[in-house]
Amino acid sequence: MGFQVVGCGSYVPETVVTNQELEASYGFEPGWIEQRTGILSRRHAAPHEATSDLCVAAAKRALADAGVTADQIDLVVVGTFTPDFQCPTTANLVQSKLGIDCPAFDLHAACSGFVYALATAAQFVVTGNSKLALVIGGDCNSRIVNPYDMKTAPLFGDAAGAVVLAKGTDSQGLICYQLGSDGTGADLLDRPCGGSKSPATPADIEQGRTYLRMDGRNVFKWAIKAITNSIDVVLKQSGTAVDDVNLYLLHQANIRIISHATEDLGIPREKLYNNLFHYGNTSGASIPLALDEAIKAGRLSRGDTTLLAGFGAGLTWGTCLMRW
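What counts, and where the lines are drawn
- Residues numbered from 1 in each chain as written.
- Predicted model: local features only at pLDDT ≥ 70, side-chain atom pairs only at ≥ 80, totals over all residues.
- Heavy atoms only, no water.
- Helix = DSSP H or I, 4+ residues; strand = E, 2+ residues; numbered from the N terminus.
- Rg over C-alpha atoms; globule rule 2.2 N^0.38 Å.
- Buried < 20%, exposed > 50% of the residue type's maximum accessible area, 1.4 Å probe, protein only.
- Areas by Shrake-Rupley, 256 points an atom, 1.4 Å probe, with all protein chains shown as cover.
- Lys, Arg positive; Asp, Glu negative; His and termini not counted.
- Charge placed at Lys NZ, Arg CZ, Asp CG, Glu CD.
- Pairing = 2+ DSSP bridges.
- Axes fitted to C-alpha atoms, helices over the stretch in contact; angles between N-to-C directions.
- Contact = heavy atoms within 4.5 Å.
- Polar contact = N/O pair within 3.5 Å; in protein donor to acceptor, adjacent residues only side chain to side chain.
- Patch = residues over 30% accessible without salt bridge, like charges linked within 9 Å, V, L, I, M, F, W, Y side chains within 5 Å.
- Salt bridge = Lys/Arg side-chain N within 4 Å of Asp/Glu carboxyl O.
- Phe/Tyr/Trp six-rings, centres within 6.5 Å; stacked < 30°, edge-to-face > 60°.
- Core = buried A, V, L, I, M, F, W, Y, C linked by side-chain atoms within 4.5 Å.

Focus: the overall build of the protein chain
At step 1: Of the regular secondary structure elements, the protein chain holds 10 helices and 13 strands.
At step 2: Taking 324 residues into account, the globule formula puts the C-alpha radius of gyration at 20 Å, and the protein chain, at 19 Å, falls close to it.
At step 3: Overall, the protein chain is about 55 × 45 × 35 Å in size when its C-alpha atoms are taken along their principal axes.
At step 4: In the protein chain, which comprises 324 residues, the share counted as buried stands at 58%.
At step 5: Taken as a whole, the protein chain presents about 13,600 Å² of accessible surface, with 50% of it coming from carbon and sulfur.
At step 6: Distance between charge centres in the protein chain, computed from 25 positive and 32 negative side chains, equals 3 Å.

Next comes the structure, spelled out in structure tokens:
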């Protein structure tokens with residue numbers, strides 16, 4: 001406790017890719033995408049755009065919303081698993097493009113990246129080691145999926161979301177949070193080539209081994225269990241009833257995962273905010289993008305309690321119960 005979000009912003013690329021376009025271009029089964037995921041369209045970054053560009057655009061909007069200038073930021077944390085380069089970090093590039101003189105680093109926790117980044121940056125602000133922290137979640141998923149793979153390509157989109165954190169009152173901040181990891185499930189969702197374990201060869205690239213691969217059935221079952229258990233733990237540890245939470249913002253991966261989890265927990269539909277239909281799974285951007293839209297739609301006010309929950313490759317998960 002002791003910090004607050006003073007600004008929020010998001011950015012999605014201009015290019016809209018509909019299900020009909022994917023079905024026509026790649027021969028995907030008509031209606032399959034919407035039926036299995038709830039996704040109607042997604043955004044793809046332009047050829048000249050990389051993850052850092054999306055993050056910078058979102059960050060500028062968050063700074064404007066907070067009414068602060070870039071030179072006032074003293075910490076940048078970026079949650080992403082699609083960095084511009086292996087080295088330097090995306091946060092380094094964002095810091096440079098914004099003209100900020102401060103520490104900057106990436107957190108790689110896939111679709112849980114923003115929750116991890118938020119919990120990390122909050123420690124700096126509450127302890128007084130940061131006065132204004134810029135926290136960003138952003139990914140260019142369209143660059144790492146095989147466009148011909150119907151099980152992964154239609155699920156993902158590109159976006160970025162950002163928040164500015166500052167000192168708050170003792171009643172503001174994270175009431176309770178949980179971060180988790182289970183590396184035994186690493187091969188359920190991974191990119192087998194391109195790292196130090198298996199540097200990509202021409203043969204790997206030709207065979208598509210540098211693309212994201214996913215065991216959809218088992219990821220689906222794990223995700224429901226992980227998010228349900230994590231939300232349940234956080235609510236019980238904080239002594240919070242399901243109905244006491246004003247707004248639930250769950251990682252926008254699959255509408256069936258969200259529906260199963262919220263039904264198991266008894267979360268009313270009117271307390272959920274979903275934008276999956278328009279953007280697909282934007283990984284690290286998913287939660288801050290939904291948060292920014294929810295705020296602008298008047299769904300969250302000062303003093304309200306919101307719950308953010310992410311889950312993804314690693315396997316990782318993170319849930320934050322937050323008083324706004």
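Digging into the sheet that holds strand 5 (residues 104–107)
At step 1: Reading across from one edge, 1-7-6-4-5 is the order of the five strands in this open sheet, with mixed pairing throughout. Each edge of the sheet is formed by a strand with only one pairing partner; in this case those strands are strand 1 (3–11) and strand 5. Neighbour-to-neighbour, the strand axes of the sheet open up by a mean angle of 20°, direction not taken into account.
At step 2: Bridge count between strand 4 (residues 75–79) and strand 6 (residues 132–140): five bridges; the pairing is parallel. Residue pairing for strand 6: Val 77 is matched across the bridge by Val 135.
At step 3: Running over the sheet, helix 3 (residues 51–66) touches strand 1, strand 4, strand 6 and strand 7 (158–167) and is turned about 130° from strand 1.

Things to note about the side chain of Thr 152
At step 1: Structurally, the position occupied by Thr 152 is in the loop between strand 6 and strand 7.
At step 2: Polar contacts involving the side chain of Thr 152 include one to the side chain of Asp 149, which spans 3.0 Å.
At step 3: Among residues more than four places away in sequence, those in contact with Thr 152 are Asn 146, Leu 212 and Met 214.

Here we look at a positive patch on the surface
At step 1: A cluster of basic side chains, namely Arg 36, Lys 151, Arg 217, Lys 221 and Arg 256, defines a positive patch on the protein surface.
At step 2: Its place among the elements puts Arg 36 in helix 2 (residues 32–37).
At step 3: On the accessibility criterion, Arg 36 (36% relative accessible area) is partly exposed.

Observations regarding the environment of Thr 80
At step 1: Of note, Thr 80 is situated in the loop between strand 4 and helix 4 (90–98).
At step 2: Considered as a pair, Thr 80 and Ala 24 are 56 residues apart in the sequence and their alpha carbons are 31 Å apart.
At step 3: Dropping the residues within four chain positions of it, Thr 80 is found in contact with Thr 51, Thr 90, Asp 106, Leu 107, His 108, Gly 138 and Asp 139.
At step 4: One polar contact links the side chain of Thr 80 to the main-chain amide nitrogen of Thr 82, over a distance of 3.1 Å.

As for the sheet that holds strand 12 (residues 305–312)
At step 1: Pairing in this open sheet of four strands is mixed, and the strands run 8-13-12-11 from one edge to the other. Only two strands of the sheet have a single neighbouring strand rather than two, namely strand 8 (173–181) and strand 11 (247–250). Across the sheet, the mean angle from the axis of one strand to that of its neighbour is 10°, orientation sign disregarded.
At step 2: With eight bridges joining them, strand 8 and strand 13 (residues 316–323) adopt antiparallel strand pairing. Within strand 13, the position partnered with Tyr 177 by the bridge is Cys 320.
At step 3: Each of strand 8, strand 12 and strand 13 touches helix 5 (residues 113–126); the most contacted strand, strand 8, lies at about 130° to it.

Overview of the packing of aromatic side chains
At step 1: According to the stated counting rule, one finds three aromatic pairs in the structure shown.
At step 2: Ring geometry for Tyr 26 and Tyr 148: centres 5.0 Å apart, planes at 85°, overall edge-to-face. Taken together, the residues span a long stretch of sequence, with Tyr 26 in helix 1 (residues 19–26) and Tyr 148 in the loop between strand 6 and strand 7 at a distance of 122 residues.
At step 3: On the basis of relative accessible area, Tyr 148 is assigned to the exposed category, the value being 63%.
At step 4: An aromatic cluster is defined as three or more aromatic residues linked by ring pairs; in this entry it consists of Tyr 26, Phe 28 and Tyr 148.

A few points about the nonpolar core
At step 1: Formed by 39 residues in total, the largest nonpolar core has its most connected members in Ile 231, Leu 235, Tyr 248, Leu 250, Leu 307 and Phe 311.
At step 2: For this core, the secondary-structure elements that each account for two or more residues are helix 7 (216–238), strand 11, helix 8 (255–265), strand 12 and strand 13.
At step 3: Take this core: its biggest share by element is 10 residues, from helix 7.
At step 4: If we ignore the near neighbours within four places in the chain, the residues touching Leu 307 are Ile 231, Leu 235, Val 245, Leu 247, Tyr 248, Leu 249, Thr 319, Cys 320 and Leu 321.

Digging into unusual backbone geometry
At step 1: With omega at 5°, the peptide bond leading from Cys 87 into Pro 88 counts as cis.
At step 2: Tracing the sequence through the fold places Pro 88 in the loop between strand 4 and helix 4.
At step 3: With an omega of -5°, the peptide bond running from Gly 314 to Leu 315 counts as cis.
At step 4: Mapped onto the fold, Leu 315 is located in the loop between strand 12 and strand 13.
At step 5: Phi angles above zero are rare outside glycine, and Ala 110 is one such case at about 55°.
At step 6: Take Ala 110: it is sitting in the loop between strand 5 and helix 5.
At step 7: Accessibility expressed as a relative area gives 1% for Ala 110, which makes it buried.
At step 8: In this structure, Ser 283 takes a positive phi of about 55° despite not being glycine.
At step 9: Among the secondary structure elements, Ser 283 is positioned in the loop between helix 9 (276–279) and helix 10 (286–296).
At step 10: The exposure class of Ser 283 is buried, given its relative accessible area of 1%.

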